[in-house]
Amino acid sequence: MEKGLVIKSTGSRYKVLFDQGKIVDCTIKGKLRVKEIRTTNPIAVGDHVLFDYNTVDFTGIITEVLDRKNYIVRKSSNLSKHSQILAANLDQVFLMVTIILPETPVEFIDRFLATAEAYRVPAKIIFNKTDLYGERELKRMEFLIALYSKIGYECFRLSLVTGENTALLENTMKNKINLLSGNSGVGKTTLLNLFNPTLNLKTEEISDYHKQGKHITTFPEMHPMPFGGYIIDTPGIRGFGVIDMDRIEIYHFFPEIFRKSNECRFYNCLHLEEPGCAVRSSVENGDIDPLRYRSYLNILEDDNRKYR
Ligand SMILES: Nc1nc2c(ncn2[C@@H]2O[C@H](COP(=O)(O)OP(=O)(O)OP(=O)(O)O)[C@@H](O)[C@H]2O)c(=O)[nH]1
Ligand SMILES: [Mg+2]
Ligand SMILES: [Zn+2]
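First, a word on what this report is: a plain description of the structure on this page. (Residues numbered from 1 in each chain as written. Chains lettered and ligands numbered in written order. Predicted model: local features only at pLDDT ≥ 70, side-chain atom pairs only at ≥ 80, totals over all residues.)

1. So, the overall build of the protein chain
A tally of regular secondary structure across the protein chain gives seven helices and 13 strands. Taken over 308 residues, the protein chain has a buried fraction of 35%. Considering only residue pairs separated by 6 or more positions, the protein chain has 63% of its internal contacts joining residues 24 or more positions apart. (Helix = DSSP H or I, 4+ residues; strand = E, 2+ residues; numbered from the N terminus. Buried ≥ 20, exposed ≤ 12 C-beta atoms within 10 Å, placed from the backbone. Contact = placed C-beta atoms within 7 Å.)

Okay, structure coming up:
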């Protein structure tokens, strides 16, 4: 029996790191069950596992998944019932966004942040490709950075072309287990190659026609960093489905809305049309950004549709 760390999962096969640097291909023991969550994958990258090591053919069979500190799940679409564990045992999650090529919608950012809040994993935002930005894009970026910093999310202005703030980001990721997410084409793989050139991962030009990347990465994979710690690259995703949240619970994952909600007249206020809603007043006077409120309403609306 050996103990190891799952660094890659491709459905039914797993690469497990053990004994300080050895890697073994593993499958799962037939009746292995993971309690508490219903997902399409019982084991994810970042999981600590026990496995039987076959020293004849150097393969392994995973017999147990050790308790998770946390994990993050995504659904294949906003309305889908199928969810997949993206990764487990994370110290922090980073969302990489770009103002252009491609443009990351605010609602996409908010769905990601709400998901991270729901799983209680600290989330940070990386604004990449600053080298491409003109005056208009820089203004947009600064507007979003002000918005998200005020709520409490740390933001980074990054360029993988000029190297702006790469050292700062490296320092923030050092010795931690970091998940890196973001729309296809924002530069996730480029960052991994820069931070660990021995990886030599494949990146691709953004197709001009769609102004979107082409989904090169397919499975989450955990990459060791020379400065200590790991970065988990996630597949190029176009949307981030929020996990199942109770209707009344959704605003708990918008920290600034949650903070304001204790001033609402009704304890079960959903911040829609209720009288005496402090959240709505804050949206009207600008304390809560209307874009964030809009994202909240859209997530609430998804929830409505599920029961129709
Ligand atoms: N100008 C500029 N281009 C960048 C920067 N970072 C990445 N790129 C380019 O953006 C394109 C897409 O980068 P990738 O690293 O493949 O994007 P990705 O996020 O891994 O995309 P998926 O794997 O599809 O999710 C590549 O052509 C990169 O060279 C940057 O800071 N500035
Ligand atoms: Mg990639
Ligand atoms: Zn309210």
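Once you've had a look at it, read on.
2. Let's talk about the nonpolar core
Residues Ala87 and Leu179 are the most contacted members of the largest nonpolar core, which totals 64 residues. Excluding residues within four positions of it along the chain, leucine 179 makes contact with Ile72, Leu86, Ala87, Leu90, Val93, Phe94, Ile232 and Thr234. (Core = buried A, V, L, I, M, F, W, Y, C linked by C-beta atoms within 7 Å.)

3. Looking at the pairing of strand 5 (residues 59-65)
Sheet topology places strand 3 (residues 22-28) next to strand 5; four bridges connect them, and they run parallel. Across the sheet, residue aspartate 25 finds its bridge partner in strand 5, namely threonine 59. For strand 4 (residues 48-54) and strand 5, the ladder comprises six bridges, and the chain directions are antiparallel. Directly across from tyrosine 53, in strand 5, lies its bridge partner glycine 60. The hairpin turn running from strand 4 into strand 5, its antiparallel successor, is four residues long, and phenylalanine 58 in that turn takes a positive phi close to 55°. (Pairing = 2+ DSSP bridges.)

4. Some details on unusual backbone geometry
Peptide bonds are, in most cases, trans, and in most cases residues other than glycine have a negative phi. Cis geometry is adopted by the peptide bond preceding proline 102, which originates at leucine 101 and carries an omega value of -5°. Here proline 102 is to be found in the loop between strand 8 (92-97) and helix 1 (106-118). Of note in this structure, phenylalanine 58 is not a glycine but carries a positive phi near 55°. For phenylalanine 58, the location among the structural elements is in the loop between strand 4 and strand 5. With phi around 55°, arginine 120 is a residue other than glycine that occupies positive phi space.

5. A word on the environment of aspartate 131
Examined against the element boundaries, aspartate 131 turns out to sit in the loop between strand 9 (123-127) and helix 2 (135-151). The spacing of aspartate 131 and arginine 157 is 26 residues in sequence and 10.0 Å in space, taken between C-alpha atoms. With residues near it in sequence (within four places) discarded, aspartate 131 still touches Ser159, Val161 and Thr162.

6. Examining helix 2
Taking 1.5 Å per residue, 17 residues should reach 24 Å; helix 2 reaches 25 Å between its end C-alpha atoms and fits that length. Each element contacted by the buried residues of helix 2 is listed here: strand 9 and strand 10 (155-157). Positive phi appears at glycine 152, one or two residues downstream of helix 2, with a value of about 125°. (Expected span 1.5 Å × (residues − 1).)

7. Details of the pairing of strand 3
Sheet topology note: the strand 2 (residues 14-18)/strand 3 ladder contains five bridges and is antiparallel. Across the sheet, lysine 15 pairs through a bridge with aspartate 25, a residue of strand 3. Counting the residues in the hairpin turn of strand 2 and strand 3 gives three residues, including aspartate 19, whose phi is positive at 50°.

8. Regarding the environment of isoleucine 288
Within the secondary structure, isoleucine 288 sits in the loop between helix 6 (278-285) and helix 7 (290-306). Given 24 C-beta atoms within 10 Å, isoleucine 288 falls into the buried group. Separated by 28 residues in the primary sequence, isoleucine 288 and lysine 260 have C-alpha atoms spaced 9.0 Å apart.

9. Topic: the environment of glycine 46
As for its placement among the helices and strands, glycine 46 is situated in the loop between strand 3 and strand 4. The class for glycine 46 is buried, based on 26 C-beta atoms found within 10 Å. The sequence separation of glycine 46 and glutamate 221 amounts to 175 residues, and the corresponding C-alpha distance is 9.1 Å. Apart from the residues lying within four places of it in its own chain, the contact partners of glycine 46 are Val6, Ala87, Ala88, Asn89, Leu90, Ile177, Met222 and Ile232.

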